[in-house]
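Results of the structural survey
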Amino acid sequence: MAVSPLRCALLSSALVVAEACTSIAVGRAATVDDSTLVTQTDDCAECDSRIVHIPARDHAPGSMRPILPYAASFPREVSDRSPQYSESDGRPATEPLGYIPQVLHTFAYWETTNPIMNEHGV
């Protein structure tokens with residue numbers, strides 16, 4: 001039995017898996033209590049959707065910050081930036097792409113596959 005081109009197109013389109021993330025940010029002027037709200041969905045089956053706290057730190061003058069490659073799947077990074085990123089399970093540390101000068105102080109913040117918000121609500 002011959003299969004029509006339309007039927008082939010419909011069947012093949014049913015096999016496509018859509019991955020689309022959504023981010024929503026609400027500023028202080030849009031909330032009753034002047035709070036800032038940020039949320040995001042990671043709509044992929046293999047994304048590392050952990051919410052990770054990166055603590056505030058003081059850095060020595062002349063320190064360099066590693067630039068890590070973007071990775072969405074688990075583990076998105078293995079480093080010393082947070083206990084959640086520690087080198088557990090024998091995974092090697094993520095290899096930096098390069099380095100940039102580090103500021104003397106960094107605020108604490110929360111991140112998923114993207115940064116969410118720092119300790120000051122920004």
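In short, a report on the structure. (Residues numbered from 1 in each chain as written. Predicted model: local features only at pLDDT ≥ 70, side-chain atom pairs only at ≥ 80, totals over all residues. Heavy atoms only, no water.)

**Some words on the layout of surface pockets**
- A volume near 400 Å³ is recorded for the largest pocket.
- Around the largest pocket sit 22 residues that line it, and Arg 57, Arg 65, Pro 66, Arg 81 and Gln 102 are the ones nearest its centre.
- Here the second largest pocket defines a volume of roughly 280 Å³.
- Contributing to the lining of the second largest pocket are 17 residues, with Pro 69, Glu 77, Arg 81, Glu 111 and Thr 113 lying nearest its centre.
- Mapped by element, the contributors of at least two residues to the lining of the second largest pocket are strand 5 (64–67) and strand 8 (109–111).
- In terms of residue count, strand 5 provides more of the lining of the second largest pocket than any other element does, 3 residues in total.
- Residues belonging to the lining of the second largest pocket are distributed by class as follows: 9 nonpolar, 3 polar and 5 charged. (1 Å grid on protein atoms, 1.4 Å probe; cavity = no way out; pocket = protein on both sides within 12 Å on 5 of 7 lines; lining within 4 Å. Points joined across faces, edges and corners; volume = space filled by probe spheres on them. Helix = DSSP H or I, 4+ residues; strand = E, 2+ residues; numbered from the N terminus. Nonpolar A, V, L, I, M, F, W, Y, C, P; charged D, E, K, R; others polar.)

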